[in-house]
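Geometric and topological summary
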Amino acid sequence: MRAVAVSAFGAQPQLMDLPQPEPGPGEVLVRLAAAGVNPIDWKVADGMYGDPSTTSFPLVLGTDGAGEVLAVGTGVRRFTAGDAVFGQFQWPERGGGSYAELAVTGERSLAPAARSVTYATSAAVPTAGMTAYNLVEETRISEGRRVLIVGATGGVGTFVTQLAHGRGADVIATARPAMSDLMRTLGANETVDHTAGQVAEQVLAAHPDGVDVLIDLTSGPAEFVAMMGTVRDGGTAVSTVGSADADVLTEHNLRGFNFVNRPSPQLLDILAGQVDAGRLTVLVGREVPLEEAPEVLETSRSGRAHGKTVLEI
């Protein structure tokens, strides 16, 4: 089968011809139609989340995917051959990932795909969608809360904007002027141009009493401290990139933490339901052939990527 993989951590991703995987007990073999591209994919390739001693090489890259069940292992109860599914496939110990024609994953890493959209759209949902849903849950966003989302135009940010708006929050999203109208259609009450000056200063100028919740998807430690200045006393500040310092949060009388995602099949079911109900829009910026995965990953690594990219398989 065709797959994009690395021969070692730090090696250049390459299109390879690899043996077909087989499902073991509790596992599902999926013929993938599309794979979503996430920043974690190139980080896995670089070895940021893996141990060479427990990783099987060649390591197929890719976390998110969607397609049709080809076969199931013993003990699988939720799926049968022919089912349309989406979910997560990265499995370093088995050398598996979603940048491949075929992939094996655990039964609890999958859910039935949304019926109203293409496989390409479903493949863009799992990691970003579950991250966003958990962020909204863990920050206790509810009606009337003012929420600042830094990095709002990315995959996670567009989902958080919609989910927070759906709970009745007032959303402030960082966005370039060219993205402002789009973010408003997704539920942002207002946008802040992060290229026009310090975001914290702009937010406080418009809202001297601050925000209730800060969800920061991009800032380093120093920038995150500055963003914390927008949060009112007793509010919540969360970083998804490890920039939150517990002691500094306590000094500012803020609740906060470094977010760690907790995926589940139940969350995938919820997200598929929201997509089918028209309550969640999935923004796919580009659909490119599997062969272009190395170039797509390099673009993602450079920070020049705009919108969600999906690989067609």
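For the structure itself, consult the block above.
Read on for an overview of the structure.

Definitions and cut-offs
Residues numbered from 1 in each chain as written. Predicted model: local features only at pLDDT ≥ 70, side-chain atom pairs only at ≥ 80, totals over all residues. Heavy atoms only, no water. Helix = DSSP H or I, 4+ residues; strand = E, 2+ residues; numbered from the N terminus. Rg over C-alpha atoms; globule rule 2.2 N^0.38 Å. Buried < 20%, exposed > 50% of the residue type's maximum accessible area, 1.4 Å probe, protein only. Contact = heavy atoms within 4.5 Å. Areas by Shrake-Rupley, 256 points an atom, 1.4 Å probe, with all protein chains shown as cover. Pairing = 2+ DSSP bridges. Axes fitted to C-alpha atoms, helices over the stretch in contact; angles between N-to-C directions. Parallel < 35°, antiparallel > 145°, perpendicular 65-115°, else oblique. Nonpolar A, V, L, I, M, F, W, Y, C, P; charged D, E, K, R; others polar. Salt bridge = Lys/Arg side-chain N within 4 Å of Asp/Glu carboxyl O.

1. As for the overall build of the chain
When its secondary structure is counted, the chain shows ten helices and 16 strands. The C-alpha radius of gyration computed for the chain amounts to 20 Å, which stays within 12% of the reference 20 Å derived for 313 residues, consistent with globular compactness. Looking at the 313 residues of the chain, the share that counts as buried comes to 50%. Considering only intrachain contacts with a sequence separation of at least 6, the fraction spanning at least 24 residues in the chain is 67%. Counting every atom, the chain has about 13500 Å² of accessible surface; 50% of that belongs to carbon and sulfur.

2. Description of the sheet that holds strand E10 (residues 170–174)
Within the open sheet, the six strands sit side by side as E11-E10-E9-E12-E13-E14. Their pairing is parallel. The two strands at the open ends of the sheet, each matched to only one other strand, are strand E11 (190–192) and strand E14 (255–258). Each strand axis lies, on average, 20° off the axis of its neighbour in the sheet, ignoring direction. For strand E13 (residues 231–239) and E14, the ladder comprises four bridges, and the chain directions are parallel. Bridge assignment links Ser239 to a residue of E14, and that residue is Asn258. The sheet contacts of helix H6 (residues 199–206) involve strand E9 (146–150), E10, E11 and strand E12 (211–216), and relative to E11 the element is tilted by about 145°.

3. Let's talk about the packing of helix H3 (residues 126–138) against helix H9 (residues 265–276)
Two elements in contact, H3 and H9, have axes whose closest approach is 10 Å; the angle formed by their N-to-C orientations is 100°. The orientation of H3 with respect to H9, classified from their angle, is roughly perpendicular. Contacts between H3 and H9 pair Pro126, Gly129, Met130, Tyr133 and Asn134 from the former with Leu267, Leu268, Ile270, Leu271 and Gln274 from the latter. When its residues are assigned to classes, the contact of H3 with H9 shows seven nonpolar, three polar and no charged.

4. Thoughts on the pattern of salt bridges
Taken as a whole, this structure holds twelve salt bridges when the rule is applied. Taking the shortest distance from any N to any O, the salt bridge between Asp269 and Arg78 comes out at 3.7 Å. Here Asp269 is found in helix H9, whereas its partner Arg78 is found in the loop between strand E5 (64–72) and strand E6 (84–88), with 191 residues between them in sequence. Its relative accessible area of 37% is what places Asp269 among the partly exposed residues. Close ionic contact of Glu298 with Arg301 constitutes a salt bridge, the shortest N to O distance being 3.5 Å. On the criterion of helical spacing, the pair formed by Glu298 and Arg301 is a turn pair, its members being three residues apart in helix H10 (residues 293–302). Exposure remark for Glu298: the relative accessible area of 39% places this residue in the partly exposed category. Residues joined in a network through salt bridges with shared partners are Arg146, Asp209, Asp212 and Arg232.

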